[in-house]
Amino acid sequence: MEKKTCLYDRHVALGALMSPFGGFIMPIQYTNITDEHNAVRQHCGVFDVSHMGEVRITGPDAERYVQHIFTNDVSGAPVGQIYYGMMLYPDGGTVDDLLVYKMGEQDFFLVINAANIDKDVAWMKEHTAGFDINLDHQSDQYGQLAVQGPEAEQVVEEVLGIPCRELKFYENKEIRNLENKKGDSASSKSLIFTFSDSPIIVSRTGYTGEDGFEIYGSHEYIQQAWDKLIESGRCKPCGLGCRDTLRFEVGLPLYGDELSADISPVMAGLSMFCKLDKPEFIGKEALAEQKANGVPQKLVGIELADKAIPRHGYPVLSMEGEPVGEVTTGYHCLSVDKSVCMALVKTDFAKLDTPLQVQIRKKTFPGKVVKKKFYDKHYKK
Amino acid sequence: MAKFEEGLRYSESHEYIRVEGEYGYIGISDYAQHALGNVVYVDMPDVDDEVTAGEEFGAVESVKAASDLISPVSGTVVEVNEALEDKPELLNEDAFANWIIKVQLSDPSELDKLMDVEAYKAHCAE
């Protein structure tokens, strides 16, 4: 039985196509994926991403603990900084990819994938021995919105009244006492909520390749914020369908497709988020070995000559017809009008411009290896 | 919301066939194109390929997923709708005007197993 987010009733009322994802029943699209995709690229869209999981790590050893389970390096980070990275198994396989928010000197907020919440929390708890920390699993306390697109900054400031323009890319702040400025009641555009007992967290992050913000708050706050955004008409409700096409186009990985227990960050081309100069973290030796000796398979981009669409799991073949890999995600790329995919292929076939074929149903279609970024990101840094 | 056209035969998997003499024009129903959403690619067989009633002969792809096309009849492909190669969205604009393949029927009695428009409406309402 799938869980519902705090916005479930609103999605149904908007007529969204609902489908299971990561243990939740989530909106896939409200109108259609193409329109929602373009709204985020050109204006602004809002996503319910309340299915994401949250874990708070506090205590004297919080930083040392995060350093132990996380591949990126948070040592000496300023409060408000956010890091992307992975948790790894000792063999280098990926437990999950996640964001780590530094909230205070002894306070970290970890955001994990919905489908992995139970597994991740169990994994974290297994590795607390020897650390003086408190691990608080808070997924049920938070709803989350992602407001994404070139107009996101104005929308978040003007519709939600959250001052966010000073946030740089991958910075966050926690807001505990936003004053209720109801004096300006004539302006329905600007409503600022009071939530003295229920802080919100705002970060300049996202999963679309556009500028944007992610907002974490109580269910009540997230419901009010969603209503305000939709009523404003300045922000299109967007489903997980276009979240996937948007993240795919800019080459962002999805756990389960481009990362898994069998796909290490080195294979996925994400070594830059794994700091091998750190004293230690789980999986470090395995990654160092992979970096030194190479990996059997690598994640690549493939561009097809034809419009046929490569989908997850379709076989990738050499020009001689020998199986050399599998598609991880593929689409007819909406922003560049080409059929493209990411695929995990034998390393010998991973060089740029290597000709390859993808089997799509009964036919094979020729293509070539390209960079696994099909559209340029437009972050505001 | 979906439109239905009289005089066609329909399959449970939402293909229609418009019969003209020994030939049939096969496409997807308006109900099917609604359910699929934006069609971005149509995978069609080649002329002279054989199709078999109840078996896959191609696919219609939306952004999110590929849906197999199931032939309502057996026969030989004599023409494919090449306009769909460049403009697959024609299926969304008018599914009944934009057939996908033209087939020479090998066993017209197969048509009796398909639904008329009233039966198909009831099928869609289930």
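Right above here is the structure, for reference.
Residues numbered from 1 in each chain as written. Chains lettered and ligands numbered in written order. Predicted model: local features only at pLDDT ≥ 70, side-chain atom pairs only at ≥ 80, totals over all residues. Heavy atoms only, no water.

Peer 1: I keep staring at the interface of chain A and chain B and nothing clicks. Help me out?
Peer 2: Interface size, as often reported, equals the accessible area lost upon joining of the parts. Between chain A and chain B, the contact holds 20 residues from the first and 16 residues from the second. Here chain A and chain B share an interface that buries about 1400 Å² over both sides, 46% of which is from carbon and sulfur atoms. When the area that chain A buries against chain B is broken down by residue, the three leading residues are Lys307(A), Arg311(A) and Arg361(A), summing to 39%. Taken together, the links from chain A to chain B amount to six salt bridges. Taking the shortest distance from any N to any O, the salt bridge between Lys64(B) and Asp244(A) comes out at 3.5 Å. Across the chain A-chain B interface, the total number found is 13 residue pairs in polar contact (both at pLDDT 80 or more). Mapped onto the side of chain A that touches chain B, the elements with two or more residues apiece are helix 2 (33-42), helix 7 (240-249), strand 16 (323-333) and strand 19 (363-370) of chain A. Looking at the side of chain A that touches chain B element by element, the count peaks at three residues for helix 7 of chain A. Its residues placed into classes, the side of chain A that touches chain B shows eight nonpolar, five polar and seven charged. (Contact = heavy atoms within 4.5 Å. Buried area = accessible area lost by both parts, 1.4 Å probe. Salt bridge = Lys/Arg side-chain N within 4 Å of Asp/Glu carboxyl O. Polar contact = N/O pair within 3.5 Å; in protein donor to acceptor, adjacent residues only side chain to side chain. Helix = DSSP H or I, 4+ residues; strand = E, 2+ residues; numbered from the N terminus. Nonpolar A, V, L, I, M, F, W, Y, C, P; charged D, E, K, R; others polar.)

Peer 1: Help me understand unusual backbone geometry in this model?
Peer 2: Residues apart from glycine generally show negative phi values, whereas peptide bonds are mostly found in trans. Here Asp337(A), not a glycine, exhibits a phi torsion of approximately 55 degrees, which is positive. In this fold, Asp337(A) is placed in the loop between strand 16 and strand 17 (338-346). Asp337(A) gets classed as exposed once you look at its relative accessible area, which sits at 51%. The phi dihedral of Asp48(B) falls on the positive side, at around 85 degrees, and the residue is not glycine. Mapped onto the elements, Asp48(B) comes out in the loop between strand 4 (39-43) and strand 5 (50-51). A relative accessible area of 60% means that Asp48(B) is categorised as exposed. (Buried < 20%, exposed > 50% of the residue type's maximum accessible area, 1.4 Å probe, protein only.)

Peer 1: What should I look at first to understand the sheet that holds strand 12 (residues 212-217) of chain A in this one?
Peer 2: Within a beta sheet, neighbouring strands are joined by backbone hydrogen bonds and run either parallel or antiparallel to one another. Residue and element names in this part refer to chain A. Judged by pairing direction, the sheet is mixed, and its six strands sit side by side in the order 10-11-12-9-3-13 without closing on themselves. Every interior strand has two partners, whereas the edge strands, strand 10 (172-175) and strand 13 (236-238), have only one. Averaged over all pairs of adjacent strands, the angle between strand axes in this sheet comes to 20 degrees, irrespective of strand direction. By the bridge criterion, six bridges tie strand 9 (residues 143-148) to strand 12 in an arrangement that is antiparallel. If you follow Gln 144 over to strand 12, its bridge partner there is Tyr 216. (Pairing = 2+ DSSP bridges. Axes fitted to C-alpha atoms, helices over the stretch in contact; angles between N-to-C directions.)

Peer 1: I would appreciate a short explanation of helix 7 of chain A in the present structure.
Peer 2: Residues and elements named next belong to chain A. For helix 7, the tally of buried residues reaches ten of ten residues, placing the bulk of the element in the interior. Within helix 7, the full set of buried residues consists of Leu 240, Gly 241, Cys 242, Arg 243, Asp 244, Thr 245, Leu 246, Arg 247, Phe 248 and Glu 249. Backbone geometry just downstream of helix 7 places Gly 251 in the positive-phi region, at approximately 80 degrees.

Peer 1: Please clarify how the packing of helix 2 of chain A against helix 7 of chain A should be interpreted in this entry.
Peer 2: For any two helices packed against each other, the geometry is given by the interaxial angle and the distance between the axes. Residues and elements named next belong to chain A. The geometry of helix 2 relative to helix 7 is characterised by a closest axis approach of 8 Å and an angle of 55 degrees between their N-to-C directions. The angle between helix 2 and helix 7 falls in the class oblique. The element helix 2 and its partner helix 7 pack so that their crossing is right-handed. Between helix 2, through Ile 33, Glu 36, His 37, Val 40 and Arg 41, and helix 7, the contact on the second element is made entirely by Gly 241, Cys 242, Thr 245, Leu 246 and Glu 249. (Parallel < 35°, antiparallel > 145°, perpendicular 65-115°, else oblique. Left-handed = near helix turned anticlockwise from the far one by under 90°.)

Peer 1: Explain the side chain of Ser218(A) to me, please; I cannot follow it from the model alone.
Peer 2: Residues and elements named next belong to chain A. Checked against the element boundaries, Ser 218 lands in the loop between strand 12 and helix 6 (219-232). The class for Ser 218 is buried, based on a relative accessible area of 19%. If sequence neighbours within four positions are ignored, Ser 218 has contacts with Gln 141, Gly 143 and Ser 198.

Peer 1: Honestly, the pattern of salt bridges in this entry has me stumped. Any pointers?
Peer 2: Where charged atoms from two side chains of opposite charge come close, those side chains can pair. Counted according to the given criterion, the structure contains 28 salt bridges over all chains. Of the charged contacts in the structure, one is a salt bridge between Glu157(A) and Arg165(A), with a shortest N-O distance of 2.5 Å. Taking the relative accessible area as the measure of exposure, Glu157(A) reaches 15% and is therefore buried. Residue classification places Arg165(A) among the exposed residues on the basis of a relative accessible area of 56%. Notably, a salt bridge pairs Arg361(A) with Asp43(B), separated by 2.9 Å at the nearest N-O pair. Here Arg361(A) is found in the loop between strand 18 (355-360) and strand 19, whereas its partner Asp43(B) is found in strand 4 on a different chain. Asp43(B) sits in the buried class, given a relative accessible area of 4%. The network of salt bridges with common partners includes Asp244(A), Arg247(A), Asp257(A), Glu258(A) and Lys64(B).

Note that every value here comes from positions in space, so none of it alone points to a role or purpose.
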